[in-house]
Amino acid sequence: MKNFISVEDAGNINQLVQKAIAYKANPLKDKSLGTNKRIGLLFLNPSMRTRLSTQIAAQNLGMEAIVFNVGQDGWMLEFEDEAIMSGSTVEHVKDAAPILGRYFDILGIRTFPSLKNKADDYSELYIKQFIKYAGIPIVSLESATLHPLQSLTDIITITETFKEKRKPKIVLTWAPHVKALPQCVANSFSEWINAWGEADFTITHPEDYELDEAFTKGADILHNQDEALKNADFVYVKNWSTYADYGRIYCNDPKWMLSNKKLQLTNNAKVMHCLPVRRNVELSDEILDGPNSVVTQQATNRVWAAQAVLSELLQDKK
Ligand code: CP
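Here is what the cut-offs are and how they apply
Residues numbered from 1 in each chain as written. Predicted model: local features only at pLDDT ≥ 70, side-chain atom pairs only at ≥ 80, totals over all residues. Heavy atoms only, no water. Phe/Tyr/Trp six-rings, centres within 6.5 Å; stacked < 30°, edge-to-face > 60°. Helix = DSSP H or I, 4+ residues; strand = E, 2+ residues; numbered from the N terminus. Buried < 20%, exposed > 50% of the residue type's maximum accessible area, 1.4 Å probe, protein only. Lys NZ or Arg CZ within 6 Å of the ring centre and 35° of its normal. Pairing = 2+ DSSP bridges. Axes fitted to C-alpha atoms, helices over the stretch in contact; angles between N-to-C directions. Domains from an automatic or database assignment. Contact = heavy atoms within 4.5 Å. Buried area = accessible area lost by both parts, 1.4 Å probe. Salt bridge = Lys/Arg side-chain N within 4 Å of Asp/Glu carboxyl O. Polar contact = N/O pair within 3.5 Å; in protein donor to acceptor, adjacent residues only side chain to side chain. Nonpolar A, V, L, I, M, F, W, Y, C, P; charged D, E, K, R; others polar. Near = heavy atom within 4 Å. Areas by Shrake-Rupley, 256 points an atom, 1.4 Å probe, with all protein chains shown as cover. Core = buried A, V, L, I, M, F, W, Y, C linked by side-chain atoms within 4.5 Å.

Topic: the packing of aromatic side chains
The relative placement of two aromatic rings is captured by the distance of their centres and the angle of their planes. Enumeration over the complete set of coordinates arrives at 12 aromatic pairs. Ring centres of Tyr 122 and Tyr 246 lie 6.1 Å apart, and the angle between their planes is 80°; this geometry places the pair in the edge-to-face category. Residue Tyr 122 is found in helix H5 (residues 118-122), and its partner Tyr 246 is found in the loop between strand S10 (234-238) and helix H11 (260-263); the two are separated by 124 residues along the sequence. No difference in accessibility class separates Tyr 122 from Tyr 246, as the two residues are buried. Through pairs of rings, three or more aromatic residues link up here, namely Trp 174, Tyr 209, Tyr 250 and Trp 256. The ring of Tyr 243 carries the charged tip of Lys 118 above its face, separated from the ring centre by 4.0 Å.

Here you go:
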């Protein structure tokens, strides 16, 4: 593994999942792999789970982890090549990234999309510029369009939870929210489940909330949530803003919020969410506090997903 930006970097997904599950059983089994190695974790946007789980994962491998809140503490970075920097940006990524490449052995970066310009966001310029100029492995801690560490975590959670000898039915359902949110988690979950190929996959959302087909191709897409939920083994709940007419909120119908009544349509489905979640807007108390929620298990698995990825990057760097 050279970088970890999307499912294309994962190689064999099941092998990576099994590696993570082995770390869950024995977190310190490779405690010397990262001795004298250092990871920098750059946050241009807020985080709780990604920041802490990646730090713990690095420590379990014997690495030092240094967090830098670029958005809060750093100079405002410019990413466009040939920019005339007479505006608010102070330092070009072309100057900053090579320095970070000398301070660290691996670099993790979190950057959210603007949700203003689809072409800019979907070009993934920020991550691509770090790959181009840092000269060390780059790990996405969530980018403008994808959240691969979350998606690996999600497949780990499904694998360890589902024990029947058939494919699970997995439903990704849109949910209401008060803010326009990125499509990253939904895009990424879709591309990972499609690439994994070990589930029957349905996506349900109101009309006009279609995601980029590049990620969803192969899934059944329904606008009738009740129909989609029938016999589901897993329901992944997530809001996203519109993709076609980019970054908007068209519908906030509370009927799209999952309830225990809707859950009766499923095969006693486990309910997933990446967190943070707006309670009683995106997902109800009765679901989050009920027996079908696996959100805490999912967030705990972030450590093992990160550890499996860092381990691959360290091994391939040797
Ligand atoms: N799920 C997730 O990425 O959580 P954080 O934003 O807290 O890192």
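What follows continues from the structure just given.
Considering the sheet that holds strand S8 (residues 200-204)
With respect to topology, five strands assemble into an open sheet ordered S9-S8-S7-S10-S11, the strand pairing being parallel. The strands lining the two open edges of the sheet, one partner per strand, are strand S9 (220-222) and strand S11 (270-272). Between one strand and the next, the sheet's axes are offset by a mean angle of 20°, whatever the strand orientation. Strand direction decides the pairing type here: strand S7 (residues 169-174) and S10, joined by five bridges, are parallel.

Here's the deal with the domain arrangement of the protein
The domain boundaries assigned to the protein delineate domain 1 (7-146 + 302-317) and domain 2 (150-299). One C-alpha centre belongs to domain 1, the other to domain 2, and the line joining them spans 25 Å. At the junction of the two partners, domain 1 supplies 27 residues and domain 2 supplies 31 residues. Taken over both partners, the interface formed by domain 1 and domain 2 buries close to 2,500 Å², and the fraction arising from carbon and sulfur atoms is 65%. A per-residue breakdown of the area domain 1 buries against domain 2 is headed by Leu 115, Tyr 122 and Arg 302, which together make up 27% of the total. Here domain 1 is connected to domain 2 by one salt bridge. Between Glu 160 and Lys 24 there is a salt bridge, with its nearest N and O atoms 3.1 Å apart. On inspection of domain 1 and its partner domain 2, the count reaches 13 residue pairs in polar contact (both at pLDDT 80 or more). Contributions of two or more residues to the side of domain 1 that touches domain 2 are made by helix H1 (13-25), H5 and helix H13 (295-317). The residue makeup of the side of domain 1 that touches domain 2, split by class, is 15 nonpolar, five polar and seven charged.

Looking at the pairing of S8
Among the five residues in S8, four count as buried, and that is most of the element. Across five bridges, the pairing between S7 and S8 is parallel. Pairing of Val 171 across the sheet is with Thr 202, part of S8. As paired strands, S8 and S9 are joined by three bridges and run parallel to one another. Counterpart to Ile 203 in the pairing with S9 is Ile 221.

Topic: the sheet that holds strand S5 (residues 106-110)
Spatial ordering of the open sheet is given by S2-S1-S5-S6, a layout of four strands whose pairing is parallel. The open sheet has two edge strands with one neighbour each: strand S2 (64-68) and strand S6 (138-140). Taken over all neighbouring pairs, the strand axes of this sheet differ in orientation by 20° on average, direction set aside. Examined bridge by bridge, strand S1 (residues 38-43) and S5 share five bridges and lie parallel to one another.

Overview of the site of the ligand
Around the ligand sit Ser 47, Met 48, Arg 49, Thr 50, Arg 110, His 147, Gln 150, Cys 274, Leu 275 and Arg 302, and those are all the residues in its vicinity. Between an oxygen atom of the ligand and a main-chain N or O atom of Met 48, the distance comes to 2.7 Å. With the chains in place, 93% of the 260 Å² that the ligand exposes on its own is no longer accessible. Taken together, the residues of the shell around the ligand break down into three nonpolar, four polar and three charged.

What to know about the nonpolar core
In this structure, Phe 4, Leu 152, Ile 170, Ile 193 and Leu 310 are the most contacted members of the largest nonpolar core, which totals 59 residues. Here this core gets nine residues from one element, more than from any other, and that element is H13. Contact partners of Leu 310, with chain neighbours within four places excluded, come to Ile 39, Thr 54, Ala 57, Ala 58, Leu 61, Ile 106 and Val 139. Core analysis: the second largest hydrophobic core is formed by 19 residues, Ile 5, Leu 77, Phe 79 and Ile 136 among them.

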